[in-house]
Amino acid sequence: MDHSTDPCQDFFQYACGTWKKNHVIPEDRSSISTFEVMADQLQVILKGVLEESINADDNEATTKAKTFYNTCMNIPQIRKIGDDPLRNVLSSLGGWPVTVSNWEPPPFSIEILLGRLRGDFNEGVLIEQWVGPDDKNSSVNIIQLDQMQLALPSRDYYLKSSSEGDLEAYHKYMTNVALLLGANKTTAEDELRMVVEFEKKLANVSLPEVDRHDTSTIYKKLTLAQLQKIVPQVNWIQYLSSFLSDEITENEPVVAYGLSYFIEMGKILEQTDRRVIHNYVLWRLIMALVPHMIDDYQRERVEFRKILLGILSERSRWSQCVEWTNKKLGMAVGALFIRDNFNHDSKETALEMIHTIREAFNDLLAENDWMDDETRAVAKEKADAMNERIGYPQLITEPVELIKEYEMLNISDNEFMVNILNILKYEADQNSQKLRQPVDRDKWSTEPAIVNAFYNPNKNDIVIPAGILQPLFYSQHFPKSLNYGGIGVVIGHELTHGFDDKGRQFDKDGNMMQWWNNVTIRAFRDRAQCIIDQYSRYKIDEVGLYVNGRMTQGENIADNGGLKEAFRAYRKWVRKHGEEADLPGLNLTHDQLFFLNYAQIWCGSMRPEDALTKVRSSVHSPGPIRVLGPLSNSRDFAKAYSCPLGSPMNPTNKCSVW
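Residues numbered from 1 in each chain as written. Predicted model: local features only at pLDDT ≥ 70, side-chain atom pairs only at ≥ 80, totals over all residues. Heavy atoms only, no water.

## Some details on the overall build of the protein chain
Line of reasoning, step 1. Across its full length, the protein chain holds 29 helices and eleven strands.
Line of reasoning, step 2. Relative to a compact globule of 658 residues, whose C-alpha radius of gyration would be 26 Å, the protein chain shows 26 Å and is just as compact.
Line of reasoning, step 3. Burial statistics for the protein chain: of 658 residues in total, 59% are counted as buried.
Line of reasoning, step 4. Looking at the protein chain alone, contacts between residues at least 24 apart form 75% of all its contacts between residues at least 6 apart.
Line of reasoning, step 5. Here the protein chain displays about 27,600 Å² of accessible surface, and carbon together with sulfur accounts for 49% of that area.
Line of reasoning, step 6. The average position of the 72 basic charges and that of the 92 acidic charges among the side chains of the protein chain differ by 2 Å. (Helix = DSSP H or I, 4+ residues; strand = E, 2+ residues; numbered from the N terminus. Rg over C-alpha atoms; globule rule 2.2 N^0.38 Å. Buried < 20%, exposed > 50% of the residue type's maximum accessible area, 1.4 Å probe, protein only. Contact = heavy atoms within 4.5 Å. Areas by Shrake-Rupley, 256 points an atom, 1.4 Å probe, with all protein chains shown as cover. Lys, Arg positive; Asp, Glu negative; His and termini not counted. Charge placed at Lys NZ, Arg CZ, Asp CG, Glu CD.)

Here it is in structure tokens:
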């Protein structure tokens, strides 16, 4: 805290002013924040459970997690095997042209190559494909197609002249990795420049993130026969049949998001030499695998990330291995984590808080004057129908079920890269097997040991994993003011996502449909526009750029609504149970502590490179703005800190959606 700052002038500085002095951004990071500090503490706990030797408490699933972690940490063995696994993969895919003298195209098509990347390595290049619930019929799994994730954080890195240095660093990284794999020093640079130019064209025809927010405008359901007519340059049946085990015919329904990308991509493919396409496709696979490699490959990646993200060194090996094990075998790691590191009473407390915050949302719904009665009643139905998933799924407490989850995954005792490749194949199979299967509405899509929370519009559920039910967000020993200002706001934030610019398009069963009337939609858009305009005026000092109010509107609406709901729920608790005893030596009321704890969750600092990435590609506003925006819209905050009307933290004109 910075007591020299007036909380009514700049509450972020007041709450987090000494953060930068006490927290230097580590060399291996592009930022440091409360969230990241909490994630680091969680990683240390996970390191402890993964390093315990395999014992009688372990089952096949937790044994696989520990074995995978051990192979990741076995640097001498990784060094002994070297880059052979990567070279073998490239060879099996027809070779990386830039590294093969007199390269000839393999006897299979680009569609088969893309299909093998998706089916064997879970990598979507040119086309992002998955099987999941149909947005308009959420009980049915359907093939979905979208534009690919570009290699750099957003399309701006390819298209803005201010990022030419980043693009150069990317080209240099590609070239240096090619040299490690045997490319010709005199020709590799020029050959790979054509690959960068190819990706630049694809970036140019991709839809900007800000235009992808309205799912209903980019969703298009059609048969493969129709898609084949619209994008004739790709043999869609051949592509999908190369990795899906079910029979795929021209009558197969698919959902394509942003059809314009596929139309333009088809034209680009038609005009591009096969060698360039093959070079690019295999480069994207290499780029996905290199983070798991060491020595020369790691050095090249560090050099690239220095320029792109300002990260000066690689993270410690154990930290990477913990992260990968948790990401890839999250349920098994969750089972190890909750054994001794999770207070099971907190599930009950969180459930109680969800109910009180839902009540607060329903109260605000009843009071709002811009919704018609019919829409308001349906909105209440949706809020009441939300499922809560707290802590962890039942699966991780049932060894037989947990073993079944990973029974198709083979983990070697001593070959780390083989394990990575096995996991990628397993993940790809897990997804493709959903086709023709009913949607499993109870399945968790996130690992329990993570400092985050989620709302899923297709299932209309809120997920509060075990990893976030810890201080600063929550402790059974905290006063209620801190818990409501922490995890309470998180719960309110996720609940409000069901009613933000995207969530409002889905009904209580998770189906995309218009369940609001046009007058109410216009009123919502007017209020959302107030939020867009407000946030677009916030400047990020590190890079001198303004927040993209349109791209961040969903998260900003959720922050504002979550704060209001959690405070109202807290005051309701106080009315029922009485005021809490003051904390000694603080000279702050509990209402003030509520807002202070909320703000301190967002304490942090970032490198200019990270600030630029966030402004260009993140749907979240940077931390300081997540404090200043919602609090300056909050009458409750202004009252708690007695901020005069017209002061920066209590402006005359405020924005309010929920």
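## Remarks on the UniProt feature "domain: Peptidase M13 N-terminal" (unreviewed entry) in the protein chain
Line of reasoning, step 1. As recorded in UniProt, the sites labelled "domain: Peptidase M13 N-terminal" (unreviewed entry) are residues 7-393.
Line of reasoning, step 2. As annotated, residues 7-393 has a helix share of 59% and a strand share of 10%, and its two end C-alpha atoms lie 41 Å apart. (UniProt positions renumbered as here; feature names shortened; annotations may be inferred.)

## Let's talk about the state of the cysteines
Line of reasoning, step 1. If you walk through the whole model with that rule in mind, you get four disulfides.
Line of reasoning, step 2. A sulfur-sulfur separation of 2.1 Å characterises the disulfide bridge that pairs Cys8 with Cys643. Classification of the bridge connecting Cys8 and Cys643 rests on its S-S torsion, roughly -85°, and on that basis the disulfide is left-handed. Linking Cys8 in the segment before helix H1 (11-16) with Cys643 in the segment after helix H29 (635-640), this pair joins segments that are 635 residues apart in sequence. The pair formed by Cys8 and Cys643 is uniform in burial state, with each residue classed as buried.
Line of reasoning, step 3. The disulfide that involves Cys16 links it to Cys603, with 2.0 Å between the sulfurs. Handedness here is read from the sign of the S-S torsion; for Cys16 and Cys603, about -80°, the answer is left-handed. Remark: Cys603 occurs in the loop between helix H26 (590-600) and strand E11 (604-606) and Cys16 occurs in helix H1; sequence separation between them is 587 residues. The residues Cys16 and Cys603 share a single accessibility class, namely buried.
Line of reasoning, step 4. Taken in sequence order, the bonded cysteines of the protein chain link in the pattern 1-7, 2-6, 3-4, 5-8. (Disulfide = S-S within 2.5 Å.)

## Focus: the environment of Thr99
Line of reasoning, step 1. Mapped onto the elements, Thr99 comes out in the loop between helix H6 (84-92) and helix H7 (110-121).
Line of reasoning, step 2. When the C-alpha positions of Thr99 and Ile248 are compared, they lie 35 Å apart, and in sequence the two are 149 residues distant.
Line of reasoning, step 3. Leave out the neighbours within four places in its chain, and Thr99 touches Ala178, Leu181, Gly182 and Ala183.

## So, helix H20 (residues 373-385)
Because each turn of an α-helix spans 3.6 residues, side chains separated by three or four positions end up pointing in the same direction.
Line of reasoning, step 1. Counted at 1.5 Å a residue, the expected span for H20 with its 13 residues is 18 Å, and the 18 Å between its end C-alpha atoms agrees.
Line of reasoning, step 2. Every buried residue of H20 is listed here: Thr375, Arg376, Ala379, Lys382 and Ala383. Taken down its axis, H20 places every buried residue within 120° of arc, on the same side. Seen from the buried face of H20, the exposed residues on the opposite side, beyond 90 degrees, are Asp373 and Glu374.
Line of reasoning, step 3. Buried residues along H20 sit against helix H19 (345-367), strand E7 (454-456) and helix H24 (518-536). (Expected span 1.5 Å × (residues − 1). Arc of directions from axis to C-beta.)

## Observations regarding the sheet that holds strand E4 (residues 219-223)
Line of reasoning, step 1. Read across the sheet, four strands follow the order E2-E3-E5-E4 without closing on themselves; strand pairing throughout is mixed. Unpaired on one side and paired on the other, strand E2 (127-134) and E4 mark the two borders of the sheet. Strand-to-strand twist in this sheet, taken as the mean axis angle between neighbours without regard to direction, amounts to 30°.
Line of reasoning, step 2. Judged from the eight bridges that link them, E2 and strand E3 (residues 137-147) form a sheet pairing that is antiparallel. If you follow Ile127 over to E3, its bridge partner there is Gln147. (Pairing = 2+ DSSP bridges. Axes fitted to C-alpha atoms, helices over the stretch in contact; angles between N-to-C directions.)

## Comments concerning the packing of aromatic side chains
Line of reasoning, step 1. Tallied over the full model, the rule gives 40 aromatic pairs.
Line of reasoning, step 2. Between the aromatic rings of Tyr239 and Phe243, the centroid separation amounts to 5.3 Å while the plane-to-plane angle is 65°, which identifies the pairing as edge-to-face. Residues Tyr239 and Phe243 agree in their burial class; the two are buried.
Line of reasoning, step 3. Each member of the aromatic cluster is reached from another via a ring pair, and the members are Phe11, Tyr14, Tyr484, Phe567, Tyr570, Phe594, Phe595, Phe637 and Tyr641.
Line of reasoning, step 4. A cation over an aromatic ring shows up here: Lys382 above the ring of Phe499, its NZ or CZ 5.4 Å from the ring centre.
Line of reasoning, step 5. Over the ring of Trp516 we find Arg504, and its NZ or CZ is 5.4 Å from the ring centre. (Phe/Tyr/Trp six-rings, centres within 6.5 Å; stacked < 30°, edge-to-face > 60°. Lys NZ or Arg CZ within 6 Å of the ring centre and 35° of its normal.)

## Re unusual backbone geometry
Line of reasoning, step 1. Between Pro471 and the following residue, Leu472, the backbone shows a cis peptide bond with an omega angle of 0°.
Line of reasoning, step 2. Turning to its location among the elements, Leu472 is positioned in the loop between strand E8 (461-465) and helix H23 (480-497).
Line of reasoning, step 3. Although it is not a glycine, Asn587 adopts a positive phi angle of roughly 60°.
Line of reasoning, step 4. Residue placement: Asn587 occurs in the loop between helix H25 (553-577) and H26.
Line of reasoning, step 5. In this structure, Ser642 is a non-glycine residue whose phi angle is positive, near 50°.
Line of reasoning, step 6. Structurally, Ser642 is set in the segment after H29.
Line of reasoning, step 7. What makes Ser642 exposed here is its relative accessible area of 61%.

## Remarks on the UniProt feature "domain: Peptidase M13 C-terminal" (unreviewed entry) in the protein chain
Line of reasoning, step 1. Mapped onto this numbering, the UniProt entry annotates "domain: Peptidase M13 C-terminal" (unreviewed entry) at residues 452-657.
Line of reasoning, step 2. When the span residues 452-657 is considered, its composition is 48% helix and 7% strand, and the gap between its end C-alpha atoms is 24 Å.

## Digging into the pattern of salt bridges
Line of reasoning, step 1. Counted by the stated rule, this structure contains 41 salt bridges.
Line of reasoning, step 2. For Glu447, the salt bridge is made with Lys327, and the minimal N-O distance between the two is 3.0 Å. Taken together, the positions of Glu447 in the loop between helix H22 (416-432) and E7 and Lys327 in helix H17 (residues 317-328) put the pair 120 residues apart, joining distant regions of the chain.
Line of reasoning, step 3. For Glu447, a relative accessible area of 11% corresponds to the buried category.
Line of reasoning, step 4. Salt bridges sharing common partners tie together Arg116, Asp120, Lys425 and Asp429. (Salt bridge = Lys/Arg side-chain N within 4 Å of Asp/Glu carboxyl O.)

## Examining helix H18 (residues 330-341)
Line of reasoning, step 1. In this model H18 runs 15 Å from its N-terminal to its C-terminal C-alpha over twelve residues, within 8% of the 16 Å that 1.5 Å per residue would give.
Line of reasoning, step 2. Of all twelve residues in H18, nine are buried, a share of seventy percent or more.
Line of reasoning, step 3. Looking only at H18, the buried set comprises Gly330, Met331, Ala332, Val333, Gly334, Ala335, Leu336, Phe337 and Ile338.
Line of reasoning, step 4. Looking at the buried side of H18, the elements it contacts are helix H3 (34-51), helix H4 (60-73), H17 and helix H21 (399-405).

## A word on the sheet that holds E8
Across a sheet, paired strands are connected by hydrogen bonds in the backbone, their directions being either parallel or antiparallel.
Line of reasoning, step 1. Pairing is mixed across the open sheet formed by three strands, whose spatial order is E6-E8-E7. Each end of this open sheet is capped by a strand with a single partner; those strands are strand E6 (387-391) and E7. Pairwise comparison of adjacent strand axes, ignoring direction, gives a mean angle of 15° for this sheet.
Line of reasoning, step 2. Pairing analysis gives three bridges linking E7 to E8, with the strands arranged antiparallel. Following the sheet pairing, Tyr455 is matched in E8 by Ile462.
Line of reasoning, step 3. Set on the sheet, H19 makes contact with E6 and E8; between it and E6 the angle comes to about 150°.

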